[in-house]
Amino acid sequence: MTENTALPRIFSGIQPSGVPTLGNYLGALRNWVRLQEGHACIFCVVDLHAITVWQEPRALAAQTREMAASLIACGIDPERHILFHQSAVRAHAQLAWIFNCVARLGWLNRMTQFKDKAGKDREAASAGLYVYPNLMAADILAYHATRVPVGDDQKQHLELANDIAQKFNHDYGVDFFPAIEPLIMGPAARVMSLRDGTKKMSKSDPSEQSRINLTDDNDAIALKIRRAKTDPAPLPSEPAGLEGRPEARNLVGIYAALADLPTAAVLAEHGGKGFGAFKEALASLVIAHLAPIAAETRRLLADPGAIEAVLRAGASRAAAIADPIVAEAERLVGFLARA
């Protein structure tokens, strides 16, 4: 397949953490699907990033397949665009080493995400976790991608990627790596835990009741929403009434995101009512959106070999773009050409 070079090229990666949650879907994946119109998209399951913290090998392999299946089920089209797993394209690691030598320690020391993830025991963190942003820069720049959809937690890393590109260009007297533009998709739906509206919905939460997984069946979704934490007051009629009510805001926000409605419109319809009726309406809406995704994910996961074949085909197409770019970067650095 010949790749479309006339459209702006987007790169985006996601950790192989298994089947995504409703939070992942509304916060990122739904936007990825929409980006396929008008862009040449490269979507990557970033298994190299995953091992910056230890992963059980069989679980990593299974979760890589699960994430790929979920992406396809959500609407990522691996025929029109590229979907692959990061470790299958060696250009990422090759360029990351060059960028390890371009990036400055002072730049990396300012990265707040390393401080957050490493915590108090920084000396026990892996070197990979520390240089994670350099690999992220290589992920993007190996394809000369110019646009990256980012959340708040990755903006600092994207700024670093641009610093690395500029320094490489300056050091070698070239205009080789392009500037990367963060792609802001408007206010992303921030989905919080169903058990605590002050915490983000996460697969790391020990309570299954805290999240909705994209493969949950209809009964599980309905039960989780019925059990979702709320407060005694009825729903307000205006958004200002959600102040100080994190669980109410979360449920209304999920409804608004799925229905593509402003919060005010949701409250105009449901304000003044108790949570019982609203939760039933919300459960019906969530099920209507997720049931087809869940069914398709389960169908795909029934044939792991087919998923791996899709990823290998995507890796071949990705390498066809990245390998010449990284080979030229190596030539500029002064490496002798490989046979």
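Preceding this section is the structure that the text describes.
Residues numbered from 1 in each chain as written. Predicted model: local features only at pLDDT ≥ 70, side-chain atom pairs only at ≥ 80, totals over all residues. Heavy atoms only, no water.

Now for helix H3 (residues 57–74). The terminal C-alpha atoms of H3, which comprises 18 residues, lie 26 Å apart, in line with the 26 Å expected from a rise of 1.5 Å per residue. Every buried residue belonging to H3 is among Leu60, Thr64, Met67, Ala68, Ala69, Ser70, Leu71, Ile72, Ala73 and Cys74, and all of these are buried. Sitting at the amino-terminal end of H3 is glutamate 56, which places a side-chain oxygen 3.1 Å from the backbone nitrogen of arginine 58. The first or second residue beyond H3 is glycine 75, which carries a positive phi of 125°. (Helix = DSSP H or I, 4+ residues; strand = E, 2+ residues; numbered from the N terminus. Expected span 1.5 Å × (residues − 1). Buried < 20%, exposed > 50% of the residue type's maximum accessible area, 1.4 Å probe, protein only. Polar contact = N/O pair within 3.5 Å; in protein donor to acceptor, adjacent residues only side chain to side chain.)

Time to look at the nonpolar core. Counting residues in hydrophobic clusters, the biggest one holds 55 residues, and the most contacted among them are Tyr25, Leu71, Ile254, Val286 and Leu290. With ten residues, helix H13 (residues 275–301) is the single largest residue contributor to this core. Those residues in contact with valine 286 that sit more than four places away from it in its chain are Ile212, Ile221, Ile225, Ile254 and Leu258. Listed in part, the 50 residues of the second largest apolar core include Phe11, Cys44, Leu129 and Ala161. (Core = buried A, V, L, I, M, F, W, Y, C linked by side-chain atoms within 4.5 Å. Contact = heavy atoms within 4.5 Å.)

Let's shift gears to the pattern of salt bridges. Inspection of the entire model under this criterion finds 17 salt bridges. Note that arginine 249 and glutamate 243 form a salt bridge whose closest N and O atoms lie 3.6 Å from each other. What makes glutamate 243 exposed here is its relative accessible area of 59%. Look at the salt bridges and you will find they share partners, linking Glu208, Arg211, Asp216 and Lys224 into a network. (Salt bridge = Lys/Arg side-chain N within 4 Å of Asp/Glu carboxyl O.)

For the rest of this paragraph, the subject is the packing of helix H4 (residues 91–102) against helix H8 (residues 132–141). Axis separation between H4 and H8 bottoms out at 8 Å; the angle between their running directions is 125°. As far as their axial angle goes, H8 and H4 are oblique. In the crossing of H4 with H8, the sense of the turn from one axis to the other is right-handed. Taking contact as the criterion, the partners of His92, Leu95, Ala96, Phe99 and Asn100 in H4 are, on H8, Asn134, Leu135, Ala137, Ala138, Asp139 and Leu141. (Axes fitted to C-alpha atoms, helices over the stretch in contact; angles between N-to-C directions. Parallel < 35°, antiparallel > 145°, perpendicular 65-115°, else oblique. Left-handed = near helix turned anticlockwise from the far one by under 90°.)

Moving on to the pairing of strand S1 (residues 9–14). Burial runs high along S1: five of the six residues are buried. Sheet topology places S1 next to strand S2 (residues 40–45); six bridges connect them, and they run parallel. Its bridge partner lying in S2, serine 12 is registered against phenylalanine 43. In this view, the connection linking S1 to its parallel neighbour S2 by way of helix H1 (residues 22–35) has right-handed handedness. (Pairing = 2+ DSSP bridges. Right-handed = clockwise from strand over helix to strand, strands pointing away.)

Along H8, ten of the ten residues are buried, which leaves the element largely enclosed by surrounding structure. Looking only at H8, the buried set comprises Tyr132, Pro133, Asn134, Leu135, Met136, Ala137, Ala138, Asp139, Ile140 and Leu141.

Evaluation of the coordinates by the stated rule reveals one cavity of 30 Å³ or more. Approximately 60 Å³ is the volume attributed to the largest cavity. In terms of lining residues, the largest cavity is bounded by Met111, Gln113, Phe114, Lys117, Leu129, Tyr132, Pro133 and His157. When residues of the lining of the largest cavity are traced back to their parent elements, those giving at least two are helix H6 (112–118) and H8. Ranked by residues supplied to the lining of the largest cavity, first place goes to H6 with three residues. Looking at the lining of the largest cavity residue by residue, the class counts come to five nonpolar, two polar and one charged. (1 Å grid on protein atoms, 1.4 Å probe; cavity = no way out; pocket = protein on both sides within 12 Å on 5 of 7 lines; lining within 4 Å. Points joined across faces, edges and corners; volume = space filled by probe spheres on them. Nonpolar A, V, L, I, M, F, W, Y, C, P; charged D, E, K, R; others polar.)

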